[in-house]
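Okay, here's what each chain looks like letter by letter:
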Amino acid sequence: PLLARLTNSKIYINVGCVYNFLVRWKGELLRRLKACGQSLTKTDQDQDKADRRGSELERVARELVASQIIHHSDRTVRLVAACCLSDVLRIFAPEPPYTSAEIQEVLELFVKSLHVLSNREAKDFSRAYYLLENISIVKLFLLCTELEDADDLVSSVFSLFFEIVDEKHTIKIRTYILDILSGFIVEQETMPQPVLDSILMQLSEELQASPAAGVLARELLQKCSAALEPYIQQYFNRALLVGKSSESDLGDSNMYELIFELNQAAPSVLLSVLPQLEFKLKSTDKEEREEVARLLARMFASPDSSLAEENGPLWRCWLGRFRDIVPAIRGICVQFSKYFLVYHRALAHETEGCLEKAAFDPDETVRSAVVVTLQETAQQDIGCMTDKLWTLLQKRLLDKKVSVRLDAMTALASVYNGVHVRCLTKEGDVRANKRLLKSLAWIPSKIFQLYYQPTAEDSLGVERSLHMHLVPVMASDERRLQLLFDVYTILDDVAMRAFNEMVKKRESVRRGLVDLLVAYKAADKPRCAAQCIHIAKSLPESSKAHDHLKQLVGMLKNRSLYDGLLNCTAMEKGCDFVRKAVLGVSKEVQLSVKPAVVPTLKALLDRAAPLLVDSGFISLLLRRVAQDVDFTMNDSDSEDDSSESDNDDDAARRRANKDAKAKGGAGQLPLSCKRGLQLVMALSVQYPVLFQMRDVYEQLMSFLKHESSFVVESALFILMSIGGDVEETYPSVASCLGPVLKQLAVKGTPRQAKFALRCVQKLLSNSEALTDQILQVYVKGLKGADLKDNLLTVITGLGHVARLSPALFAPHQKAVIRNFVVKHLLVKDREGRGFREKDPEWSEDSRVSTETLLKIASLKLLVRWLSALPAEEETSSSTPVLRLLHCMLQNEGDLNAHGKTVAWEKSRLRLCAGCCLLKVASMERFCTLVDSDMFLDLSLMVQDSCLQVRTSFTNKLHKWLSRMVLPVSYLSMLALAAPDPVKDQKDRVRHHLNQSITSRRDLIKTNQMLADKVEVILPEYSVPFLIHNLAHHPDLQEKSPDCFVQLKEYLWFFLEPPMLRGDTYGFLKKMVETIKQTRDATAPSDPQENETAQKRLYTVCDVALGLMANRVTHFTSEPFPGRIVIPRRIFEGVPKDAPLNTNKYLPPSFSFSPVGKKKAIDQGPTPSKSSTSSTSSKLSTSSASSTPGVPRVQSKESIKGEKPYISRAEPSPAPTPSSRPSRSAKSAANIQMSATSRDDDSDEDDGSDSGNESDGENVQAMDVGTVEGIEEFSSATTEPSSESQ
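Residues numbered from 1 in each chain as written. Predicted model: local features only at pLDDT ≥ 70, side-chain atom pairs only at ≥ 80, totals over all residues. Heavy atoms only, no water.

**Side note on the overall build of the protein chain**
Point 1. Scanning the protein chain for helices and strands turns up 58 helices and six strands.
Point 2. Within the protein chain, buried positions represent 54% of all 1285 residues.
Point 3. Of the contacts formed within the protein chain by residues at least 6 apart in sequence, a portion of 75% connects residues at least 24 apart.
Point 4. A total of about 55500 Å² of accessible surface is found on the protein chain, and carbon and sulfur atoms cover 51% of it. (Helix = DSSP H or I, 4+ residues; strand = E, 2+ residues; numbered from the N terminus. Buried < 20%, exposed > 50% of the residue type's maximum accessible area, 1.4 Å probe, protein only. Contact = heavy atoms within 4.5 Å. Areas by Shrake-Rupley, 256 points an atom, 1.4 Å probe, with all protein chains shown as cover.)

Encoded structure:
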């Protein structure tokens, strides 16, 4: 047996027995090796060299390196032997008792044996740990340095440890491994490339053996940075400068990733590599420049990095890439900017400056990257967002590209929702969150203002921002109500109107989808086609959406899809039901064979599905509003200081109520209460079915008893909107409602009387009897009436009675209209302060006298009475009213011209008279009674000297033009806004004009049934009225250079939008040429004055033709969808034998300032005398050519009954020869006022019932000027240095 005993630190072993039993029994060999190992473990190094040599210990050492043991087939035998050899080397250190070849075999045995460490559950793990400990302490692997050609062995050692290291290893094991490897690096004279590769390889996530190996490599780099720096520098210098990485197996694909990881682990090793990166950053190869820019961005952006502060030139060089010629590189710089804003505040200022320029970058992807970066910055740390950054994000809402605007919408909405939710859930610092939310209160308004943009993508984006972020539809009813209430409360007036318009549009799309499904079920194909056209207008890319909708109709054969779409519109079933139906339909269509339909269907359901409001939501909303309303009543008698028992909501209501009273006195409502009622009113108009519940009616009845007139008026409006058969469904409510409505109609405010009378007509079955009772009270109140408070209510109520119940009003119309309204109110002027030149032309409502308010109400009463007149009384009754309104206009609002009316009241009366004339003109049976004189004076309202009058009148004009209730000739009135001194007003009118032109053209394109009615729809047919109006304009009576310049401005302001595309050039040119061959039918009968009037008309024609010839740069030969029609009431044909009018009426020195060559086909010949004579000879026949482009002039000798327009005749009856009065006070010269002395955005009510509603009247212009970014980009690309590329 193997005997070992320790005597005086000396070992005696029978070595022969080891050899004899070596190959017979493995167990015996293990037993003897373990016993030997135990003895060696207890042996120390206190023996001298002489005692070691030739001793039993040396013979044991020799036997342990025998090939039969080192290369034994059993792993355990090799591991035990390795442990023994490690002890032998420890004892014999520093001179091992082996040759170089034997040492190499021993070290290779160590490497193989240490593989056991990779498995913590292995039975020999403790022996492997003992071996690792010995190797680390004694530094046995440093024996490799004494061997020749040991590079492979060293490389295998590094590979071994990177392979076996594990996250579960103890700190001691990882420390031993780190000591072993660092010892190699420090003691090695040269670093083999494979060893460096194995270290660097662990830094790459794709190449590393394990995450633990990556950690080990980083620790090794940190510990041996000084020793590794020369080798790393040599490696990257070759790779970056020469393009070769020596004999490395890593290649160049991971080079930049390795540099980044090295910078994270040991930045000091890269000090000599950074200059090479700066050189690469100026490379002409854009791919290489992009990689280096991304690398440096990551290195600078690391939270703990100080690279930018320590390497200023490299940082400034990287900032220059914000102006790189490649958009992708500029985008990389923008994407990493958030890290500098959040983690490196010292670099934030420079970063903000670069982002400010990038926000105006010519490439939309870069601008989108700016938006996303700012969104992520705000979500990560909103405190890093400065005012400049918020302004940048806000400006992107007006970007010229839809995608950028949508990104900006989403960014702002998500940021606002995050802060809003934190306030509601009371997370973190509640007070700080509330202050932050208050500072971001502008976000919802700015988002909703985008609803007025012309594209469907914008409006759909606003709705998605509302449903996904501002008021998530997935939230509970209570949370949804609170979010919507808070958002609606902080909206400004424009955004609030946009929200109301959004609700209206969504309901219109929902009803269109319901009608489509009903028409499909009834097999009504024309109706289906019409609804597809109607719905497609509300979806992005309407032409493509129309094709998809037709495909969707074909898919409705699937019954489950049909029922699913029907459920998506089932408002009465609740939001949860609709939400599930939407998900079901979306999944079903996605699995269909037509995936192209999916985006259109998604957009359709986003707009049509009622996901926000249901009956339960309405009940909660009314309850919330009722709490605010009741609180204002109950708080009026309470003490000023809030009690300790008040919760947060009550305390907030109490503070708001005190603020409202401090600003407006008793009876004033806080803003939240007003906005809550306005929200209910907006929803009641579009969703009346959801309001028809008993608790809603009872709650509204309680509102009618409130002390605030606004609450009462709101309740009446809601009742009027929701209607319903109250008497049959809720008789107890109806029995109480009648007396209350009568009381409000008789003794309430004018608006209360108006809404009360409408509620009587809509809610009660005995409306005629109750209306008659109210009328009797009104008539009795007129007897002996003076300017008392209730008289305004009486006049307003009489007007609505005359409109709603004309049969009841007829017996009293003489006493009311002639004897009281006209003689007692309108004609009679009471003593007043009189007109003064220094008086302002507009003032607040409180300064308007009761007399003026009564006159305004009287004018409206006359118009309402006209609207309900029977056919037999139209002419006899309407003519005096029109003359009265016209006289009011001519006398600047002072009907009698006695000078007793102050300036601001004259402005209101003038405005009311103009709007009343527009109202009369919108009635088809009265529009022919508006003659050319009235038309011109009405047009001059666009140039009124008072800004508020101009704004309100043009808004009203646009409102009725957009509804197609006014003849197309009234579109020409907008041209008179060309010289308006207030830029906002001029831009607003230009927007109205463009919107009207676009909507009218789209209507003809999308509705084939209107193909024969183009003369009453297309804007080109208003040009004759424009020319005639300008020929009689007061400012253009004298032929002076300024006159021609002004005339050119008027014409081009109107002609530029319709001629922008060039497809109407030929048509309009022929129309103007045809007008020049006619005569003014409204010219005076005096020969000299008549000739002067004709010359003015031809002068306007010459200016128009000159503008077309010099300013239209391109046009097409596409046929116009209509024929040339000249209105016979303002133009008349010339005699058959009259010569062709080829005279020039402009001075030779007059210039049109051409803008460039026209790019088009031949514009066609000028009409010859023969063709004109032929046209003139056919004026009295009905067989005029209908070919597009061929003129057809209608004179007064046309066949009876023939009209130039399909649906109605144009204004202007047969003219009476007379001289037109001068309206110098209305001329453009008299509206040159100081814009700073007036409120350019004023939207004062003109006294009409419906106010000054206008789609997008305050819409901000889209940001089409990325000029700053383009200039910066251009300057960067023209510099000669490589850095500027």
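That covers the picture; the talk isn't over yet.
**Here we look at empty space enclosed by the protein**
Point 1. Under the definition given, this model contains 14 cavities of 30 Å³ or more.
Point 2. What lines the largest cavity is a set of 14 residues, and nearest its centre among them are His 467, Arg 506, Leu 612, Val 613 and Tyr 687.
Point 3. Tallying contributions element by element places helix α29 (residues 493-521) first for the lining of the largest cavity, with four residues. (1 Å grid on protein atoms, 1.4 Å probe; cavity = no way out; pocket = protein on both sides within 12 Å on 5 of 7 lines; lining within 4 Å. Points joined across faces, edges and corners; volume = space filled by probe spheres on them.)

**A few points about helix α32 (residues 559-568)**
Point 1. Those residues of α32 that fall on the buried side of the exposure criterion are Leu 561, Tyr 562, Gly 564, Leu 565 and Cys 568. Along α32, the residues classed as buried sweep out an arc of 165° about the axis, all on the same side.
Point 2. As for α32, its buried residues are in contact with α29, α31 (542-555), α33 (575-590) and α34 (597-608). (Arc of directions from axis to C-beta.)

**Here's the deal with the packing of helix α30 (residues 525-536) against α31**
Point 1. Closest axis-to-axis distance for the α30/α31 pair is 9 Å, and the angle between their directions is 140°. It follows from the interaxial angle that α30 and α31 lie oblique. For α30 against α31, the interelement crossing comes out right-handed. Across the interface between the two elements, Cys 532, Ile 533, Ile 535 and Ala 536 from α30 touch Ser 542, Ala 545, His 546, Leu 549 and Val 553 from α31.
Point 2. Within the contact of α30 with α31, the residues separate by chemical class into seven nonpolar, two polar and no charged. (Axes fitted to C-alpha atoms, helices over the stretch in contact; angles between N-to-C directions. Parallel < 35°, antiparallel > 145°, perpendicular 65-115°, else oblique. Left-handed = near helix turned anticlockwise from the far one by under 90°. Nonpolar A, V, L, I, M, F, W, Y, C, P; charged D, E, K, R; others polar.)

**Side note on the pattern of salt bridges**
When the charged atoms of two side chains lie near each other, side chains of opposite charge can form a pair.
Point 1. In the structure shown here, the tally under the stated rule is 44 salt bridges.
Point 2. Between Arg 90 and Asp 87 there is a salt bridge; the shortest N-O distance is 3.4 Å. Highlighted residues: Arg 90 and Asp 87, both in helix α6 (residues 75-92), separated by three residues, approximately one helical turn.
Point 3. You can call Arg 90 buried: its relative accessible area is 17%.
Point 4. In this structure, the salt-bridge partner of Glu 1073 is Lys 1069, at a minimum N-O distance of 2.5 Å. Separated by four residues within a single helix, Glu 1073 and Lys 1069 lie in helix α55 (residues 1065-1076), roughly one turn from each other.
Point 5. The buried category is assigned to Glu 1073, whose relative accessible area is 8%.
Point 6. Assessed through its relative accessible area of 12%, Lys 1069 is described here as buried.
Point 7. Ionic contacts of the salt-bridge type, sharing partners, join the residues Arg 289, Arg 321 and Asp 324 into one network. (Salt bridge = Lys/Arg side-chain N within 4 Å of Asp/Glu carboxyl O.)

**Quick look at the environment of His 344**
Point 1. Residue position: His 344 is located in the loop between α20 (337-343) and α21 (348-358).
Point 2. For His 344, a relative accessible area of 5% gives the class buried.
Point 3. The spacing of His 344 and Ser 302 is 42 residues in sequence and 9.1 Å in space, taken between C-alpha atoms.
Point 4. If we skip the residues at most four places from it in the chain, His 344 touches Phe 300, Ala 301, Ser 302, Pro 303, Ser 305 and Tyr 339.
Point 5. Reaching out from His 344, the side chain makes a polar contact with the backbone oxygen of Ser 302 at a distance of 2.8 Å. (Polar contact = N/O pair within 3.5 Å; in protein donor to acceptor, adjacent residues only side chain to side chain.)

**Topic: the side chain of Glu 288**
Point 1. Looking at the element boundaries, Glu 288 is found in helix α16 (residues 286-301).
Point 2. Here Lys 280 takes part through its side chain, which lies 2.4 Å from a polar atom of the side chain of Glu 288.
Point 3. Setting aside chain neighbours within four positions, we find Glu 288 in contact with Tyr 256, Lys 280 and Ser 283.

**Some remarks on the packing of aromatic side chains**
Point 1. Scanning all chains against the criterion turns up 24 aromatic pairs.
Point 2. Here the aromatic cluster, defined as three or more aromatic residues joined through ring pairs, consists of Phe 141, Phe 158, Phe 161, Phe 162 and Phe 184.
Point 3. Above the ring of Phe 360, the side-chain terminus of Arg 396 is found at 4.9 Å from the ring centroid.
Point 4. When the ring centre of Trp 842 is taken as origin, the NZ or CZ atom of Arg 908, which lies over that ring, is 4.3 Å away. (Phe/Tyr/Trp six-rings, centres within 6.5 Å; stacked < 30°, edge-to-face > 60°. Lys NZ or Arg CZ within 6 Å of the ring centre and 35° of its normal.)

**Some remarks on the packing of α29 against α34**
Point 1. For the pair α29 and α34, interaxial distance at closest approach is 8 Å and the crossing angle is 120°. Between α29 and α34, the interaxial angle falls into the category oblique. Here Lys 505, Arg 506, Val 509, Arg 510 and Leu 513 of α29 lie close against α34, whose contacting residues are Leu 604, Asp 606, Arg 607 and Ala 608.
Point 2. Residue composition of the contact of α29 with α34, by class: four nonpolar, no polar and five charged.

**Concerning the environment of Leu 882**
Point 1. With respect to the helices, strands and loops of the structure, Leu 882 is situated in helix α48 (residues 874-890).
Point 2. Leu 882 sits 20 residues away from Leu 862 along the chain, and the two C-alpha atoms are 9.7 Å apart.
Point 3. What Leu 882 contacts, discounting residues up to four positions off in sequence, is Leu 917, Val 920, Leu 929 and Met 934.

**Examining the nonpolar core**
Point 1. If you look at the biggest cluster of nonpolar residues, it comprises 360 residues, and the most contacted ones within it are Phe 110, Phe 141, Trp 318, Phe 448 and Tyr 970.
Point 2. Here this core gets eleven residues from one element, more than from any other, and that element is α6.
Point 3. Sequence-distant contacts of Phe 110, defined by excluding residues within four places in its chain, comprise Ala 82, Leu 85, Ser 86, Leu 89, Leu 131, Ile 135, Leu 140 and Phe 141.
Point 4. In this structure, Ile 535, Cys 568, Val 597 and Leu 601 belong to the second largest nonpolar core, which totals 35 residues. (Core = buried A, V, L, I, M, F, W, Y, C linked by side-chain atoms within 4.5 Å.)

**Considering unusual backbone geometry**
Point 1. With a phi close to 60°, Lys 139 is a non-glycine residue in the positive phi region.
Point 2. Position of Lys 139 relative to the elements: it lies in the loop between α8 (125-138) and α9 (151-164).
Point 3. Positive phi, close to 60°, is recorded for Ala 523, a residue that is not glycine.
Point 4. Note on Ala 523: relative accessible area 63%, which makes it exposed.

**Focus on the environment of Trp 904**
Point 1. With respect to the helices, strands and loops of the structure, Trp 904 is situated in helix α49 (residues 903-921).
Point 2. When its relative accessible area of 6% is taken as the criterion, Trp 904 is described as buried.
Point 3. The sequence separation of Trp 904 and Asp 839 amounts to 65 residues, and the corresponding C-alpha distance is 7.6 Å.

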